[in-house]
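# Fold and geometry: a report
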Amino acid sequence: MVREEAENMNTDMAIDGVETDRKRNHEIPDGFNPNYLKIYYGRFFPYGDMHKWMSYGNDGKHPGCDQSYFGRREFSFSLDKDIYLRYQSFNNAAELENSIKEKCPFKIDIGAVYSVDPANRNAYSGANVFTPVEKELVFDIDISDYDDVRFCCSGADVCSDCWPLMTVAIKVIDTALRDDFGFNHILWVYSGRRGVHCWVCDGKARRLNNEQRSAITEYLHVRKGNENSLKKVSLVGHSLHPFLGRSYAEVLKDFFEGTYISSQNLFSDEERYEKILKMIPDESITSELRGKWQDNKRPRDDINIVRWGHLKHVLQSGKHKVPSIRRCVEEIVLTFTYPRLDLEVSKHMNHLLKAPFCVHPGTGRVCVPIDPEQCEQFDPLTVPTLSKLLEELNMGALGPPGDEELENTSLGKSIKFFRSSFLHPLLKSCKEEIESSYASKIQRSKNPLNW
Amino acid sequence: MEIVGSRRKSSLSSAGDAFPTLPLYRSAPVLEVRLEDFELYAIHRLRVLKGISDGLSRGKKPNEMENLIKDLWKVNMMHSEAAEVINKDIISHFVLRLVYCREEELRRWFLSMETTLFRYRFQLETPEAQRALLAEFDLPYKAINNAEYETVKDKLNQVVRSTGQSLSSADTVYYKVPFEQVPELVATRRVYILKGYAYVAMNQVNSLLVTQYRSNLSKALVLTNRKWTSMIREQEKDRLTPIVEALSVSYLGPDYSQSKEYGEISLKDIDQVAKKSFPLCMRHLFGKLKEDHHLKHGGRMQLGLFLKGVGLNLDDALAFWKAEFSRKVGAERFDKEYAYGIRHNYGKEGKRT
């Protein structure tokens, strides 16, 4: 590689100004590169943590542990030239590590835990022998699904004006999963470019069937209708369901009014505010507002806030008791800000989802965990990248091999968070679950009256 | 059940099921039945089930179905002796179990109709009766006590109002059920969920019961089938078997026997009318539909509007298209993707301006 050779040459020839030269030498171009990936897999990818996570406590010595558990998990690798390897399975951490290092996949996906090890699925005769048995409940939110309501970027781009849509999505969904459904072991991960993934790892969640996953997904799903519907969010009824009410009152309303309408200039641009007016099914109201706004007087305060105030006042003034107007304000807010899930990802047990700590081939960014408690501070543009990590490697930031070797790299914080907030509490709970279910199994078999 | 010759009068013994109006058909009762009643009761019940099947394929809404079932039951399942009503109910159910257990298709149809029948009959019961039935089903859920009710009352009322119902119709008995056991209620946000438990109102407990009823009946049908093939069919080959076999091949489709006034066409006539009187373009579309059990959008619209124009009413149109399309895409997909368009043709959907 030309660049590397040039760097080496510089190092050899540097005599004075060693410091600046060194800095220049260790700059590695941003982005992605298969050779860099090899180094990443060689020194950075957290195999041990991933294996511990995927084993859910079954890699222990307790008699209740199922030693076959890890081996029945499907992984899939995307190699370059569009080669896609499904149904990979590994019996232990070493096999997983060796295979990844050898194949150097651009993307690693995690599938379900099957009834038999996926790599040998054809060796078993009989129908229905190879079926998914457990899988985390997962969610995928992609900012390109919001393209019709964000005007700063589109497609794969993300900026600090539209990323907050992901932040509020995390808050809404995370609260629902914990408070409503009672789940505890939830991992949010940056998808590497323009979205977030959510992994719900409680035992109860892993054992849900497709119908139940579908039910949860539909509970969380609000936008219905296709390109031809004027309103995608339709709230009938005299009040909102407590879940929607809470999401609206505690997160989305303030975000929309306080941040989003201004950062997206929803009301200062005629084309944009027309979109909003289309959602109001009352001609007299929309023409009243349109008239008010067309005089184009620039008020002292933020024009967006002022006009949103007008709209709210007119819709909520109580003059119009028509049912379709009743919840119009909430409908508008939810249309713009309510989380847009990729439904298919969540509904099926056998759906594959990208593994955390992969590197996104398009951006070179590492798919790091996001702390839902601090999601407002998360900035996708400052996530550790492949090139940054390699620079740090070259500068000797890596410690001796072991649990803390990545501590001083930019990945260190993410790994620490992954372990302390997610992995350790999860494994503790898994251990308790395995022990108690084993104990009750023993109890039942001891009971002579049980048959 | 003991089947006796027609000379002996049937004796009445209690079925053993606790509640007099809605039995759960858990096990065949200890009753004596006259041979002629064996067939007659079954035919009457079959009329009810066929009526339900017809109503469903015509896309009737829930309140219409409720009325339909009430009428069907009154017309077919009553008996001169009040006490005999429950026996007729039970006997006819078990006879039809024999009839419809013998093949997968039959089982599926019977299961579906009986479950629908149960669901609506349960809905029509008084709250006390429903509570008693709930207890009988032995579901492991408890009603929440007053203290707990007070803490979640606001949220529960919010849910009621969010579904467009008024608070006055809300009841105050709620059951706490793990959310994964009531997926349909969760999916449509018709329950309040807290920490993994759904608060299910009395009138929603339907779902749980019906699911349980369906699964019980499904298992029972499989067992009945086994018993039938291994033992009963042979034993009864001169007596009951011919009756059972005859009952199952009786016509299952919608009832087209009523003729309409001049100027309208009915489903019964449609085939003949198509051959004789349709213009070529429509005859072609009609033929293709019969052949492929499918038409593309343009074809559906042309033929659909033509049929409307010659006097086919909405219900018949729905039944007609459903009968054809179900063969290709299935009844559920039909309801989901094509039924809307047909109703739109008749002005029942859309902006209606």
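These numbers were taken from a predicted model, which means no experiment stands behind them.

### Quick look at the overall build of chain A
Counting its secondary structure elements, chain A contains 17 helices and nine strands. Going through the 451 residues of chain A one by one, you find that 51% of them count as buried. By sequence separation, contacts in chain A at least 24 residues apart represent 68% of the contacts at least 6 residues apart. Surface summary for chain A: the accessible area is close to 21400 Å², and the carbon and sulfur share equals 49%.

### Observations regarding the packing of helix α4 (residues 47-55) of chain A against helix α17 (residues 412-446) of chain A
Any two packed helices are characterised by how steeply their axes cross, that is the angle between the axes, and by the distance between the axes. All names here are of chain A. For the pair α4 and α17, interaxial distance at closest approach is 10 Å and the crossing angle is 25 degrees. Considering the angle they form, α4 stands roughly parallel to α17. The hand of the α4/α17 crossing is left-handed. Seen from α4, the contacting residues are D49, K52 and W53; seen from α17, they are I415, F418, R419, F422, L423, L426 and L427.

### Overview of the nonpolar core
With 191 residues, the main nonpolar core has Y40, W53, F183, L220, I280, L311 and L411 of chain A as its most contacted residues. The residues that make up this core include at least three from each of domain 1 (35-135 + 211-249) and domain 2 (146-208) of chain B. With 26 residues, the next largest nonpolar core counts M282, L285, W321 and Y346 of chain B among its residues.

### Observations concerning the pairing of strand β7 (residues 195-200) of chain A
Residues and elements named next belong to chain A. Within β7, six of the six residues are buried, which leaves it mostly tucked inside the rest of the structure. Along β7, one buried face is formed by G195, H197 and W199 and the opposite face, lined by V196, C198 and V200, is buried too. Across six bridges, strand β5 (residues 137-142) lies against β7 in antiparallel orientation. Note on β7: the bridge partner recorded for L137 is V200. Pairing analysis gives five bridges linking strand β6 (residues 186-190) to β7, with the strands arranged antiparallel. Within the sheet, the bridge partner assigned to I186 lies in β7 and is V200.

### A look at the sheet that holds strand β5 (residues 197-201) of chain B
All names here are of chain B. Across the sheet, which stays open at both edges, the three strands sit in the order β3-β5-β4 with antiparallel pairing between neighbours. Where the open sheet ends on each side, the last strands, each with one partner, are β3 (174-178) and β4 (192-194). When strand polarity is set aside, the average angle formed by the axes of neighbouring strands in this sheet is 30 degrees. The sheet contact formed by β3 and β5 spans five bridges and is antiparallel. In the sheet register, P178 faces β5, and the bridge partner there is Y197.

### Re unusual backbone geometry
Phi is positive for F357 of chain A, which is not a glycine, with a value near 70 degrees. By the element assignment, F357 of chain A lies in the loop between β8 (353-354) and β9 (369-370). Residue classification places F357 of chain A among the buried positions, given a relative accessible area of 0%. One non-glycine residue, H293 of chain B, lies in the positive phi region at around 60 degrees. Along the chain, H293 of chain B falls in the loop between α11 (280-292) and α12 (297-309).

### Here's the deal with the interface of chain B and chain A
A common way to state how big an interface is: give the accessible area lost once the parts meet. Tallying the contact residues gives 20 residues for chain B and 26 residues for chain A. Both sides together, the interface formed by chain B and chain A hides about 1900 Å², and carbon and sulfur atoms give 60% of it. Our count for the chain B to chain A interface comes out at two salt bridges. K195 of chain B serves as the salt-bridge partner of D179 of chain A, at 3.9 Å between the closest nitrogen and oxygen. At the boundary of chain B and chain A, one finds 12 residue pairs in polar contact (both at pLDDT 80 or more). Breaking the side of chain B that touches chain A down by element, the ones donating at least two residues are α6 (146-162), α7 (183-187) and β4 of chain B.

### Quick word on the sheet that holds β5 of chain A
Residues and elements named next belong to chain A. In space, the four strands of this open sheet follow the order β5-β7-β6-β9, with antiparallel pairing throughout. Looking along the sheet, the strands with just one partner apiece sit at the ends: β5 and β9. Relative to β9, β6 is paired through two bridges, and the arrangement is antiparallel. Counterpart to W188 in the pairing with β9 is I370.

### Digging into the confidence of the model for chain A
All names here are of chain A. Chain-level statistics for chain A give a pLDDT mean of 87 and a share of 88% at 70 or above. Per-element mean pLDDT across chain A ranges from 41 in helix α1 (residues 2-13) up to 97 in β6. Residue range residues 1-26 is modelled with pLDDT below 50. Its contacts to residues more than four positions away, or to other chains, number 16 contacts.

### Overview of the domain arrangement of chain B
In terms of domains, chain B is made up of domain 1 (35-135 + 211-249), domain 2 (146-208) and domain 3 (269-346). Placing a centre on the C-alpha atoms of domain 2 of chain B and another on those of domain 3 of chain B gives a separation of 41 Å.

### Some details on α17 of chain A
For an α-helix, 3.6 residues make a turn, and residues three or four places apart therefore share a direction. All names here are of chain A. With 35 residues, α17 should cover 51 Å at 1.5 Å per step; its first-to-last C-alpha distance of 49 Å lies within 8% of that length. The sharpest bend along α17 reaches about 40 degrees and sits at R419. For α17, the complete set of buried residues consists of G412, S414, I415, F417, F418, R419, F422, L423, L426, L427, C430 and I434. Looking at the buried positions of α17, the neighbouring elements they touch are α4, β6 and β9.

### Points about the pattern of salt bridges
This structure, assessed with the given rule, holds 42 salt bridges over all chains. D49 of chain A is the partner of R419 of chain A in a salt bridge, and the nearest nitrogen-oxygen pair spans 2.6 Å. Placement of the pair is R419 of chain A in helix α17 and D49 of chain A in helix α4, with a sequence separation of 370 residues. D49 of chain A carries the same exposure label as R419 of chain A, and that label is buried. Where K322 of chain B meets D335 of chain B, a salt bridge forms, and the shortest distance between an N and an O atom there is 3.2 Å. You can see K322 of chain B sitting in helix α13 (residues 314-329) and its partner D335 of chain B sitting in helix α14 (residues 331-345), a full 13 residues away along the chain. By relative accessible area, D335 of chain B is classed as partly exposed at 39%. If you follow the salt bridges from partner to partner, you end up with E134, R206, R207 and E433 of chain A in one network.

### Observations regarding the pairing of strand β1 (residues 73-78) of chain A
Residue and element names in this part refer to chain A. Most of β1 is tucked away: six of the six residues are buried. Residues of β1 alternate between two faces, with R73, F75 and F77 on one and E74, S76 and S78 on the opposite face, all of them buried. Sheet topology note: the β1/strand β3 (residues 107-114) ladder contains five bridges and is antiparallel. Bridge assignment links S78 to a residue of β3, and that residue is K107. Relative to strand β2 (residues 84-88), β1 runs antiparallel, the two sharing three bridges.

### Looking at the environment of R161 of chain B
Residue and element names in this part refer to chain B. By the secondary structure assignment, R161 is in helix α6. Residue classification places R161 among the partly exposed residues on the basis of a relative accessible area of 32%. The spatial distance from the C-alpha of R161 to the C-alpha of R190 is 9.9 Å, given a sequence separation of 29 residues.

### Things to note about the side chain of R107 of chain B
Residues and elements named next belong to chain B. Residue placement: R107 occurs in helix α4 (residues 104-123). What makes R107 buried here is its relative accessible area of 16%. Within the local environment of R107, its side chain forms a polar contact with the backbone oxygen of C101, the two atoms lying 2.7 Å apart.

The rules behind these values
Residues numbered from 1 in each chain as written. Chains lettered and ligands numbered in written order. Predicted model: local features only at pLDDT ≥ 70, side-chain atom pairs only at ≥ 80, totals over all residues. Heavy atoms only, no water. Helix = DSSP H or I, 4+ residues; strand = E, 2+ residues; numbered from the N terminus. Buried < 20%, exposed > 50% of the residue type's maximum accessible area, 1.4 Å probe, protein only. Contact = heavy atoms within 4.5 Å. Areas by Shrake-Rupley, 256 points an atom, 1.4 Å probe, with all protein chains shown as cover. Axes fitted to C-alpha atoms, helices over the stretch in contact; angles between N-to-C directions. Parallel < 35°, antiparallel > 145°, perpendicular 65-115°, else oblique. Left-handed = near helix turned anticlockwise from the far one by under 90°. Core = buried A, V, L, I, M, F, W, Y, C linked by side-chain atoms within 4.5 Å. Domains from an automatic or database assignment. Pairing = 2+ DSSP bridges. Buried area = accessible area lost by both parts, 1.4 Å probe. Salt bridge = Lys/Arg side-chain N within 4 Å of Asp/Glu carboxyl O. Polar contact = N/O pair within 3.5 Å; in protein donor to acceptor, adjacent residues only side chain to side chain. pLDDT = per-residue confidence, 0-100. Expected span 1.5 Å × (residues − 1). Bend = angle between axes of the 7 residues up to and from the residue.

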